[in-house]
Every structure is written in C-alpha cells, then in structure tokens.
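Tertiary structure, described
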Amino acid sequence: MTIISVVPPVENLDVVVRVPGSKSIANRAIVCAMLAKGESTIRGIPDGDDTAVLVDTLREVQRIHQLASDAYVIAGDPQGRLPNIIDANLAGTSSRFLTAIAALYTDTRIIDGGEPLRLRPMQDLHNGLMSLGADVAPLGAEGHLPVSVSRGSLVGGHVSIRGDVSSQFISALMLIGPVLQQGITITIDGPLVSQSYVEMTATVMRSFGALVELTATYISISPTGYAATDYIVEPDFSSAAFPIVAAVLRPGEVRIPDLSLSTMQGDSAILEIVRSMGLRVDTVDNDIVVRHETGTLLQPISWDMSNCSDLVPAVAVACLALEGTSTISGVGFIRNKESDRLGDLALELKKCGAQIQVDEDGLTIVGGRPLHEAEFHTHHDHRLAMALALSSLSSGTCRVHNPEVVSKSWPQYFVDMAAILGSTAADK
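Below you will find a few notes about this structure. Quick caveat: nothing in here was measured; it's all calculated off a predicted structure.

Another aspect to go through is the nonpolar core. In terms of nonpolar packing, the biggest core is built from 79 residues, with Ile270, Met277, Met305, Val315, Leu390, Tyr413 and Ile420 touching the most fellow members. The element that contributes the greatest number of residues to this core is helix H8 (residues 237-249), accounting for ten residues. Look past the residues within four positions of valine 315 in its chain and what remains in contact with it is Ile270, Ile273, Met277, Ile301, Met305 and Ile328. In terms of nonpolar packing, the next biggest core, distinct from the first, is built from 73 residues, Tyr105, Leu129, Leu173 and Ile176 among them.

Let's shift gears to the state of the cysteines. Enumeration according to the criterion identifies zero disulfides in this entry. Cysteine 319 takes part in no disulfide bond, and the closest cysteine sulfur, belonging to cysteine 308, lies 12 Å away. Take cysteine 319: its relative accessible area is 0%, and that puts it in the buried class. The thiol of cysteine 352 is not disulfide-bonded; the next cysteine sulfur, from cysteine 398, is found 8.3 Å away.

Its place among the elements puts alanine 26 in helix H1 (residues 23-35). With 210 residues separating them along the chain, alanine 26 and aspartate 236 place their C-alpha atoms 9.9 Å apart.

The next subject is the packing of aromatic side chains. Inspection of every chain in the model, using the stated rule, returns four aromatic pairs. Ring plane angle 85° and centroid distance 5.1 Å describe the contact between tyrosine 413 and phenylalanine 414, whose orientation is recorded as edge-to-face. Accessibility expressed as a relative area gives 0% for tyrosine 413, which makes it buried. The class of phenylalanine 414 is buried, set by a relative accessible area of 11%. Put simply, the rings of Phe242, Trp410, Tyr413 and Phe414 pair up and form one aromatic cluster.

Right, let's talk about the pattern of salt bridges for a bit. The final tally for this structure, using the stated rule, is 19 salt bridges. Ionic pairing is found between aspartate 50 and lysine 23, a salt bridge with its closest N-O pair at 3.1 Å. With aspartate 50 in helix H2 (residues 49-60) and lysine 23 in helix H1, this pair connects stretches of sequence that are 27 residues apart. With relative accessibility at 0%, the residue aspartate 50 sits in the buried group. According to the relative accessible area criterion, lysine 23 is buried, its value standing at 9%. The network of salt bridges with common partners includes Lys23, Asp50, Asp310, Glu338, Arg341, Asp381, Arg383 and Lys408.

Scoring rules and cut-offs
Residues numbered from 1 in each chain as written. Predicted model: local features only at pLDDT ≥ 70, side-chain atom pairs only at ≥ 80, totals over all residues. Heavy atoms only, no water. Core = buried A, V, L, I, M, F, W, Y, C linked by side-chain atoms within 4.5 Å. Buried < 20%, exposed > 50% of the residue type's maximum accessible area, 1.4 Å probe, protein only. Helix = DSSP H or I, 4+ residues; strand = E, 2+ residues; numbered from the N terminus. Contact = heavy atoms within 4.5 Å. Disulfide = S-S within 2.5 Å. Phe/Tyr/Trp six-rings, centres within 6.5 Å; stacked < 30°, edge-to-face > 60°. Salt bridge = Lys/Arg side-chain N within 4 Å of Asp/Glu carboxyl O.

Function cannot be read off these values alone, since they describe shape.
Laid out in structure tokens, this is it:
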C-alpha cells in the first residue's frame, strides 16, 4: 500500500497549472472515431485510465496509431473489430460505452472490469439494450459486470430509460444511434441528472456528422453514420476545479492556460461557484485566472450541483474555508460513483475536524472551523484523492492512502500540482 504525505508550502499562491484534456470529451470522440468511415485524428487525449481502456482496446485489434503523447489516428469501421474479451479495469464510462458498442456485432463479446467496477450498477443500460433487441447476459450478478453482449435483433428504434440514475447510460445508447439501421429515439423517464454530459455527447457526435435532436425529455438520432474528422479535445474543467479551489483555501492567484477555450463542459460552473464565494475570475488571453485577494471575506454557498456533480469533492473542500453553513444539493445519485461520493467524502473529511452532514441529496458543511492533520483513505476514487490532498491547504498537512488512483483522470496530478501541494513522496 502506498501512502504519501502532503505538506503544502506556507506562502500565498502564485501558480500556473496546466490541466489535461477532458476525459469525458475524449472518450466520446474516440467512440465516434471508432464507428466512423475512414481515419480520424484526435489530439489532446489525456493519458488517464478511462481513455487508456479505449486506446488499448483499439490497439489490441490494430485500429489505432499514436502520433504524439496525446494524439492518435483511429481507423474507423462501423462493422469494426473488437477484442472478444475487454477488461475495462476501473473505467466506468468506458465500460458502459464499450457495452453498447459490443451490441453492434453478431459475435459475442465479454465486458469485464476490476472488482470495484463490478460493484457499480449497469442494469438500466443492459435493459435498454435488450429492449432494442440486443442479447445481454450476466456472467455474475445481474445488472453488473461481467456481461456477454451481442447484436441479437438490434436494428435501432425506440427505448425509454430513467434519467435519474446515470447520464452515461443515455450517452452510451446515443453513441451507437447513428450506425443503427433505424437510428434511435430515447425517451427520458423522469428528471435528467448531469444533463450537461448528455449535451456534451450530442455536441461531439455532431462534430463527426451525426444528426441529433435533443430536448429535456426526448432524444432522436438519425441513421446517418459517422464521418471521419480531425478533432481537438479541450482542457478539462473537472480537473481544473482542483487548482481553482486552491485559491479559495489560500490567498493568491491561480492561472489555468487555455481553459477559456473549453466551451461544452457543465463543470465550467466551478467559475461561477468560486465567484459567488468571493473570488475574482478573469480571462487573460485564453487563460482563466482566479484571484483571492488577502482580506477578502468569503461567503458560504447553497448550490444545486445536479448538472456538475463531478465538482462535489472539490467544492466540499472549498466550503471548509467559508465562514458559515454551505449546502450542496441535487447529487444523491453520486453515491454510486467510483465511491459513495457523499458518505465516503464526509467520512474522510471528518477525520481532519470538518463538520459535515450527509443529506438525502447532498451535503451540509459548516465552514471556518479549525482543522488538523489527518490520514485519509481514497476509496478507489480519483476525485476523492485529489480533494482530500487539497484539504491540506486548510489543515496544514495530511497523509493520503493509495494516491495512485488519480491515474484514472490525471496521472500527473501530484507532479503538476506540486507548486500548490508541495513535493510528495511515498512513506512506504
């Protein structure tokens, strides 16, 4: 087991942090390129575990060529090849997208993953594919991985799916729509959580020539196929939230190069959130600059984060520095992420003296309390690891178990954040 000590510098911030490309956008672009006719070039692909699963899957069947550290040429093929057995490791998004893709082919594929991924729910996606005619059979617990998948009688058509479980199920069905004989129409049953991710899926698909009609309750995708294209992945707001939040916890300035070029991510809400706390946010050239002036009186917040739920760990840590009571709501569904992102986050933050309560759909946090050193567990969750390490700016120091889980989205997190978190080394 790896444990690191995080002992941040004591001075005010004056840092530049470059963040990786958006894994959410990259995953969608890779899938579109996989199913397109011809070769696509995608640049800005981050090197996290989620995208690595898709890249390795294509590499195994010789459908991808690397041009640079973040650039690949992908050989598209709507009738394409996939390995017979795909190990998604811990990559939830990739496993769900690959399950849908596997339903395009006559031959059976098996989708599996590591034990934490096997525990995550998949039933709604499996039900959706089966209602369209695909053959989906559990090889373990029903509604979970591992699962065998083949086309069956799948030609497209209409499917109804709950909107309050995971937007990834909806996105997975959307992504295969253009290559189905009848296209696909999706009725969203109930409120849609993480709507911004569904909109992101539609935007990326359109970049590859798909025709997508999207409303709050209904999605229609024509059987146009995908066209190969050159695509650049924009910087990741979900990752940028962590250096941005550092400016809440410590006076000074944080600059994120090229972040203003990111236009389709719901997690851009982090700028509005920290602005409401009292920070100054500016665009300089293409960079986002966040400033916390010494002596600024920071304000607690009350925020519905149903459309930017990946920000919850970072924002919760920021709330520890705000005098008064802050509330985060609309995010009960994140208890089924890589971890229980409400219960596990609260459990860990209480170790450093935080006053935090888990509500039915969010968190209540009383900020401005003195914090102390703590030893945190990361619960197989990259965003918990990043957020808990960041809490050291308020507590003075912390120890983090299994920090390598950040490899899911930002493998170089502790290196790239060294100006904020200090240099870290394994204790054992």
